[in-house]
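One-letter residues, chain by chain:
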Amino acid sequence: MLKVLKFGGSSLASSEQFAKVKDIVKAEKEREVVIVSAPGKRDSADNKITDLLYLLHAHIRYGVSYEPVLAMITERYEEIKKGCGLTTDIGKSIKETFDKVDKKTSADFIASRGEYFCAILMAEYLGFKFVDAAEWVVFDYDGKVNNAASEEKLREFKKVYGQIVTPGFYGAYTSGDIKVFPRGGSDITGALAAAYLNADIYENWTDVSGILMVDPKIVPDSKIIARVTYDELRELSYMGASVLHEDTVFPVRLKDIPVNIRNTNEPDAPGTIIGERFEDELTEEHERFITGIAGKKNFSIINIYKSRIGEDKIKLLREVLEIFDRYEIPVEQIPSGVDSFSVVFPSESLGNRQHDLMHELGSNESIDDCQLTEGISLIAIVGRQMAYRTGISGKIFKTLGENKINIRTIEQGSDEINIMVGVYNEDFERAVKVLYDSFAR
Ligand code: ASP
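What counts as what
Residues numbered from 1 in each chain as written. Predicted model: local features only at pLDDT ≥ 70, side-chain atom pairs only at ≥ 80, totals over all residues. Heavy atoms only, no water. Helix = DSSP H or I, 4+ residues; strand = E, 2+ residues; numbered from the N terminus. Buried < 20%, exposed > 50% of the residue type's maximum accessible area, 1.4 Å probe, protein only. Contact = heavy atoms within 4.5 Å. Areas by Shrake-Rupley, 256 points an atom, 1.4 Å probe, with all protein chains shown as cover. Phe/Tyr/Trp six-rings, centres within 6.5 Å; stacked < 30°, edge-to-face > 60°. Pairing = 2+ DSSP bridges. Near = heavy atom within 4 Å. Polar contact = N/O pair within 3.5 Å; in protein donor to acceptor, adjacent residues only side chain to side chain. 1 Å grid on protein atoms, 1.4 Å probe; cavity = no way out; pocket = protein on both sides within 12 Å on 5 of 7 lines; lining within 4 Å. Sits in = over half its atoms within 2 Å of the grid points. Nonpolar A, V, L, I, M, F, W, Y, C, P; charged D, E, K, R; others polar. Core = buried A, V, L, I, M, F, W, Y, C linked by side-chain atoms within 4.5 Å. Points joined across faces, edges and corners; volume = space filled by probe spheres on them.

Engineer: How should the overall build of the protein be read in this particular structure?
Structural biologist: Along its length, the protein carries 15 helices and 16 strands. The dimensions of the protein, computed from C-alpha atoms along their principal axes, are 80 × 55 × 40 Å. Buried positions account for 53% of the 441 residues belonging to the protein. A fraction of 73% describes how many contacts in the protein between residues 6 or more apart in sequence connect residues 24 or more apart. Accessible area for the protein stands at about 20500 Å²; split by element, carbon and sulfur atoms hold 49% of it.

Engineer: Could you clarify how one ought to interpret the packing of aromatic side chains in this entry?
Structural biologist: How two aromatic rings sit relative to each other is set out by the distance from centre to centre and by the angle between their planes. A complete count under the given rule lists eleven aromatic pairs for this structure. Ring geometry for Y141 against Y173: centres 6.5 Å apart, planes inclined by 10°, an arrangement best described as stacked. One end of the pair, Y141, is in the loop between β4 (138-139) and α6 (147-161); the other, Y173, is in strand β6 (residues 170-173), and 32 residues separate them in sequence. For Y141, a relative accessible area of 68% translates into the label exposed. Overall, the relative accessible area of 23% leaves Y173 in the partly exposed class. A network of ring pairs unites the aromatic residues Y77, Y116, F117 and F130 as a single cluster.

Engineer: Looking at this structure, how should I read the sheet that holds β6?
Structural biologist: Read across the open sheet, the three strands follow the order β4-β6-β7; overall the sheet is mixed. Edge positions in the open sheet fall to β4 and β7 (178-180), since each of these has one partner strand only. Across two bridges, the pairing between β4 and β6 is parallel. Bridge pairing links V138 to A172 in β6.

Engineer: I keep staring at the site of the ligand and nothing clicks. Help me out?
Structural biologist: Contacts to the ligand come from S37, T50, E115, F169, R183, G184, G185 and S186. In this structure, G185 approaches the ligand through a main-chain N or O atom, which is 3.4 Å from an oxygen atom. Considered on its own, the ligand offers 270 Å² of accessible surface; in the complex 90% of this is hidden by protein. Under a 2 Å grid-point criterion requiring more than half of the atoms, the pocket assigned to the ligand is the largest pocket. In the shell around the ligand, the residues fall into one nonpolar, five polar and two charged.

Engineer: Explanation requested: the nonpolar core in the structure shown.
Structural biologist: Here is a general trend for soluble globular proteins: nonpolar side chains tend to be buried in one another's company. Ranked by size, the top nonpolar core spans 116 residues in total, and within it V4, F98 and I379 carry the most contacts. Formed by 18 residues, the second largest nonpolar core is a distinct cluster that contains I302, V343, I367 and C370.

Engineer: Would you take a moment to explain the side chain of S112 for this structure?
Structural biologist: Structurally, S112 is set in helix α5 (residues 107-126). Given the relative accessible area of 0%, S112 is considered buried.

Engineer: Please clarify how the layout of surface pockets should be interpreted in this entry.
Structural biologist: A probe as big as a water molecule, rolled over the atoms, marks out the empty space that is left. Quantified by volume, the largest pocket comes out at close to 1200 Å³. Elements that contribute at least two residues to the lining of the largest pocket include exactly α2 (49-61), α7 (186-196), β8 (201-206), β12 (292-305) and α15 (428-440). Per-class residue counts for the lining of the largest pocket are 21 nonpolar, 17 polar and ten charged. Quantified by volume, the second largest pocket comes out at close to 280 Å³. In terms of lining, the second largest pocket is formed by 18 residues, of which the most central are V145, F181, I188, L192 and P251. Listing elements by their share of the lining of the second largest pocket, those giving two or more residues are α7 and α9 (250-254).

Function cannot be read off these values alone, since they describe shape.
Listed below in structure tokens is the structure:
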């Protein structure tokens, strides 16, 4: 049994947080591979080390003295070293590294040092071997990870050293040049490591006790999702839920390795399990049918009407979509009626080209009338338990109706795990809240 653990920045922000991480890792002998982010914020007024490093890079580039920023960074690692009673001379390593940088040093290299120094300290603290991510995350020239080469290298390190700590967020081209993933990319490193090593589970330790059913800004005491499938997660994150993005966990999904989102500050909480499917469904989600609710504001709808459109509908639809394609407007939904159909899209993608687009559509002889409505929000009600079950959409409409919330659009995916409704922006928060109350309380 092997568990691969990734700890996020807030779990590593201070020596106090380091101590919690150690307790977690040492609690189970299967926890053998640890991926760390760079230290994050200790409180809301604090800085993330990665942000400071990007700032430092800008100072170097513009020839401005960077010593004050470097001092802030060094002090953070010194606190961790001292608080954890470590011996590594981290101050010296940091100084030596930055003595060598100049205007030509890449932002990627500088940003990656946040994870690098953090992993060095964590390795000493846990008594695990430090393995530099530049030694095993191999990028090809096209900027993509070379999975075969990376897997081979990591497996070798694991075989030789057993218990390892490795930095997240970056890797290297074969030339040795460092390349970072997008921000938050330690999640990707963790997923790659778990997949390459065929881990039994990928534990992603953060500062929330799992994925919330709904945005806590709308429902402050939202329940936590016990189990979510990758498909559900994809729907939720696509609609704006700020959860681990399904893309980042793709490597583990491919290998059917479950992901467990856990809270470093509440290690006994079971968190959320993300999996391909669940055999038994005796969880709370089963009783309430829905897994989560997510939504986004600011969509527009163009409604297109043609009397007795009949067989010409496909032709007209194609013409309209070609126009959207030319304007590079991503189409979200196409609800359709007998003599009309609508196109729903993010308002910002149209920008200030409303007149051009409406004029173009209006001059199409096959269109009798077209109207633009702005200020629409889309809300996705997601749940694998909804599939093939009656009464769920009825409950959604009843709840919104009772609360005098007008539904502008309705759509259900064919796999039936998602019902999407469009409401006016001003009703958005209230709609999410009443839906949550009716399904989850
Ligand atoms: N430290 C990087 C960031 O702040 C990567 C990560 O934390 O995953 O984006």
